[in-house]
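Analysis of the macromolecular model
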Amino acid sequence: MSSNEIETYVHQLINPATRENALLELSKKRENFPELAPYLWYSFGTIAALLQEIVSIYPLLSPPALTAHASNRVCNALALLQCVASHPETRGLFLQAHVPLFLYPFLNTVSKTRPFEYLRLTSLGVIGALVKERMPQAGHRVCGAMAEIALLHGGRTTLGVDDTDVINFLLSTEIIPLCLRTMEMGSELSKTVATFIVQKILLDDVGLNYICATAERFFAVGAVLGNMVVMLAEQPSPRLLKHIIRCYLRLSDNPRAREALRQCLPELLRNPGFTACLKSDDTTRRWLAQLLVNVGFPEAAAQLSNEMLQPTPLQGQ
Amino acid sequence: MATADPNLFAKLHNFVVINPSLAGLAERLQLKRLVPVAVDRAIVEIMPPVVERSVTIACMTAYEMVTKDYAVDPDENRLRSAAHLMVSSLAGSLALVTCKEPLRVSLANQLHALLSGQMEAHVLEGALQVLVNDNLELGCSIIERAATDKAVRDIDKSLAAAYEARGNARARGQPFYERALYAQSQQGRFPAALPESLKPKPGLPQQQRVYEDFARMPRALPPHPLNASFRPDGAPPASPLQQPQDGSAVQVPDK
């Protein structure tokens, strides 16, 4: 798509009569035009128009009345916001304007119908785009459009706003309970994206300290991770397991959490039958072995890794 | 602090709905007297945190949007009008989507506390459901209204300096537009690098319309008698956002 076409479609976003088609065209081609995010942000009224798309479906959330058409339309608007969230020139402005908070009501919905599932997944994609590095890789695409949106825009460096700023924003706006809710009741893909977001939060010292600051927070996260492991015994998903293990491993860096995990780490993680699915994933197998060493199961760890692992140093309070 | 209308309680008496199907119970249970009490208590419980949060978020978002979109606009009336339109819509929408379920629970609890013990449990449950469904939107519209009112007051405080800067520039005969444009060009590539059609043009009707659309958006609730009495100005007014249609819209108005 040429720069002229992009300009035309962006211009059409502020007019309700031309908006729907422009949303569709831009969301299809957003990856091919690196300047799209600053165009969306700085052009007159465009973000205001995208916010109208978002709040206009609030009345359809409860009682649940979201149609496939309305869901697709707002998800196209969210895909454009995802560009803004992941672009280094606009991410800080996007956070400063608190735009992500307008997506939180979507994450609070419970309907399991496809329009709602798609809406939650796309909203998580926007949040996921705020935390840098790559989004989870889809092994296979159950649903092309859904996976595509969740997996967009990884790996760009951040300028102007650093990771800790993003983590502080997410923590102060209470994203964790919303992620936990999705990890409990979402589809496999939503669970994976939500777990990825929690993982990114934990990897920052601020995030680890926050979650381990009270027993209540730690056990809320621990219980949800544990339930997902149990569920994976029936419906395996190596990519989800990978993020769960990384979350546990990071939690084990905290002294009190390491102590608690000795008691509450799911036994399945020490079961060679269960962890056999990691055979071809050296990184995750090593993470699991390190986790088991940290919390005091060296024999189980030895079955996963030939290396002699030492417990990692403890961090934080 | 979210301030409810001081006459709210008197109004509640006029607007609570007692379904005709409850006629048999209404008198015995003094529903006309007790339902307004329950609605009032539920609102008092739910409203302050909902309004506080919705208004804070809406103000931060609207502030960033209008100061960006109206950065070079020398007319503080357009800035103020756009800010009011946007912040009312955002705050009202957020308040509604946030308050509905908690208010439903609270209203049921309040009614239960006031009415339990006076009849068999299953009769009470049925009556509660009817009363909650019939009066939930009344409570929602009161909370929505409190959020939009506070949001408009708060955004004016945030934008006071921006309004004043425009007034001062005009009083001194200084060119606000050029200065703002120059200040922007020092900040970074954008918005200077935007194509012309996407750059903010003070007073251009096609652009202003997007802010006016906030007033045209259907709110969550169907028309309610209380809402109607609160909003005599329901229809969007002739817009102060736009310049007079004399063909000079794109011209820099500040000379």
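Up top is the structure these notes are about.
Residues numbered from 1 in each chain as written. Chains lettered and ligands numbered in written order. Predicted model: local features only at pLDDT ≥ 70, side-chain atom pairs only at ≥ 80, totals over all residues. Heavy atoms only, no water.

What to know about the overall build of chain B
Rules: Numbering of helices and strands starts at the N terminus; helices are DSSP runs of H or I of at least 4 residues and strands are runs of E of at least 2. The buried label applies to any residue whose accessible area, calculated with a 1.4 Å probe on protein chains only, is under 20% of its type's maximum; exposed applies above 50%, and partly exposed to all values in between. Any two residues having at least one pair of non-hydrogen atoms within 4.5 Å are treated as being in contact.
For chain B, the helix and strand inventory stands at eight helices and zero strands. Counted from the first residue to the last, chain B has its helices and strands arranged as α-α-α-α-α-α-α-α. Looking at chain B residue by residue over its 255 residues, the buried ones come to 48%. Counted over contacts in chain B with a minimum sequence separation of 6, partners at least 24 positions apart contribute 84%.

A few points about the nonpolar core
Under the convention used in this document: The criterion is simple. A nonpolar core is a set of buried Ala, Val, Leu, Ile, Met, Phe, Trp, Tyr and Cys residues joined through side-chain atoms within 4.5 Å.
Leu251 of chain A together with Tyr211 of chain B are the most contacted members of the largest nonpolar core, which totals 184 residues. Take this core: its biggest share by element is 19 residues, from helix H3 (residues 31-69) of chain B. In this view, Tyr211 of chain B contacts Phe44, Gly45 and Ala48 of chain A together with Met65, Val66, Asp69, Tyr70, Ala82, Leu85, Met86 and Leu241 of chain B; residues no more than four positions away in its chain are not counted. Val72, Phe176, Tyr177 and Ala180 of chain B belong to the second-largest nonpolar core, a separate cluster that totals five residues.

A few points about the packing of aromatic side chains
As a reminder of what qualifies: The aromatic pairing rule takes the rings of Phe, Tyr and Trp, using the six-membered ring of Trp, and pairs them if the centres are within 6.5 Å, calling planes under 30 degrees apart stacked, those over 60 edge-to-face and the rest tilted.
For the structure shown, the criterion picks out nine aromatic pairs over all chains. Each ring, one from Phe33 of chain A and one from Tyr39 of chain A, has its centre 5.3 Å from the other, and the planes form 75 degrees; the classification is edge-to-face. Take Tyr39 of chain A: its relative accessible area is 7%, and that puts it in the buried class. Summarising the aromatic geometry, the rings of Tyr70 of chain B and Tyr211 of chain B are spaced 5.6 Å apart at their centres and angled 65 degrees between planes, so their arrangement reads as edge-to-face. One end of the pair, Tyr70 of chain B, is in the loop between H3 and helix H4 (76-115); the other, Tyr211 of chain B, is in helix H7 (residues 205-216), with 141 residues separating them in the sequence.

A short note on the packing of helix H2 (residues 16-29) of chain A against helix H5 (residues 68-86) of chain A
Residues and elements named next belong to chain A. Defined as follows: Axis definition: a line fitted to C-alpha atoms, limited for helices to the stretch in contact. Angles are taken between N-to-C directions and run from 0 to 180 degrees. Small angles under 35 degrees read as roughly parallel and large ones over 145 as roughly antiparallel, with 65 to 115 read as roughly perpendicular and the rest as oblique. Less than a right angle of anticlockwise turn of the near helix away from the far helix marks a crossing as left-handed, whereas a clockwise turn marks it as right-handed. Three classes are used: nonpolar for Ala, Val, Leu, Ile, Met, Phe, Trp, Tyr, Cys and Pro, charged for Asp, Glu, Lys and Arg, and polar for all others, with Gly counted as polar.
Where H2 contacts H5, the axes come no closer than 9 Å and their chain directions differ by 55 degrees. Judged by the angle between their axes, H2 and H5 are oblique. In this structure, the crossing between H2 and H5 has a hand that is left-handed. Contact residues: Arg19, Glu20, Leu23, Leu24, Leu26 and Ser27 in H2; His69, Arg73, Asn76, Ala77, Ala79 and Leu80 in H5. Its residues assigned to classes, the contact of H2 with H5 comprises six nonpolar, three polar and three charged.

Overview of the interface of chain B and chain A
Test applied: We define buried area as the total accessible area lost by two parts upon association, computed with a 1.4 Å probe and summed across both. Put simply, a salt bridge is a Lys or Arg side-chain nitrogen that is within 4 Å of an Asp or Glu carboxyl oxygen. Think of a polar contact as two N or O atoms within 3.5 Å of one another; within protein, one of them needs to be a possible hydrogen donor and the other a possible acceptor, and neighboring residues in sequence only count if both atoms come from side chains.
The interface of chain B with chain A comprises 35 residues on the first partner and 34 residues on the second. Regarding the contact of chain B and chain A, the summed buried area is about 3200 Å², with carbon and sulfur atoms giving 70% of it. Its largest share of buried area at the contact with chain A, chain B owes to Phe190, Leu198 and Val210 of chain B, together 18% of the area lost on that side. Connecting chain B to chain A are two salt bridges. At the boundary of chain B and chain A, one finds 13 residue pairs in polar contact (both at pLDDT 80 or more). Those elements that place two or more of their residues in the side of chain B that touches chain A are H3, H4 and H7 of chain B. Element by element, the count of residues in the side of chain B that touches chain A is highest for H3 of chain B, at nine residues. Of the residues belonging to the side of chain B that touches chain A, the class tally is 20 nonpolar, six polar and nine charged.

Describing helix H14 (residues 215-234) of chain A
For clarity, the cut-off: Given the number of residues in a helix, its expected span is that number minus one, multiplied by 1.5 Å.
With 20 residues, H14 of chain A extends 29 Å from end C-alpha to end C-alpha; this agrees with the ideal 28 Å at 1.5 Å per step. In the core, the buried residues of H14 of chain A are packed alongside helix H11 (175-185), helix H12 (188-203), helix H13 (205-211), helix H15 (238-251), helix H16 (255-264) and helix H17 (272-275) of chain A.

Quick look at unusual backbone geometry
The peptide bond linking Ser62 of chain A to Pro63 of chain A adopts the cis configuration, its omega dihedral lying at -5 degrees. Take Pro63 of chain A: it is sitting in the loop between helix H4 (46-55) and H5. In this structure, the amide linkage connecting Phe190 of chain B to the following residue, Pro191 of chain B, adopts the cis form with an omega of 5 degrees. For Pro191 of chain B, the position within the fold is in the loop between helix H6 (176-185) and H7. Here the phi dihedral of His98 of chain A falls at roughly 60 degrees; this positive angle occurs in a residue that is not glycine. Residue placement: His98 of chain A occurs in the loop between helix H6 (91-96) and helix H7 (104-107). The class for His98 of chain A is buried, based on a relative accessible area of 16%. One non-glycine residue, Glu174 of chain A, lies in positive phi territory at about 60 degrees. The residue Glu174 of chain A is located in the loop between helix H10 (163-172) and H11 in this model.

Concerning helix H5 (residues 121-171) of chain B
Between its first and last C-alpha atoms H5 of chain B spans 71 Å; for 51 residues at 1.5 Å apiece the expected length is 75 Å, and the two agree. Just past H5 of chain B, the residue Gly173 of chain B takes up positive phi, approximately 70 degrees.

As for the pattern of salt bridges
One pass over the full model with this rule turns up 27 salt bridges over all chains. In this structure, the salt-bridge partner of Arg285 of chain A is Asp282 of chain A, at a minimum N-O distance of 3.1 Å. Of this pair, Arg285 of chain A and Asp282 of chain A both sit in helix H18 (residues 282-295), separated by three residues, roughly a single helical turn. When its relative accessible area of 52% is taken as the criterion, Asp282 of chain A is described as exposed. In this structure, the salt-bridge partner of Lys201 of chain B is Glu196 of chain B, at a minimum N-O distance of 3.6 Å. The exposure class of Glu196 of chain B is partly exposed, given its relative accessible area of 49%.

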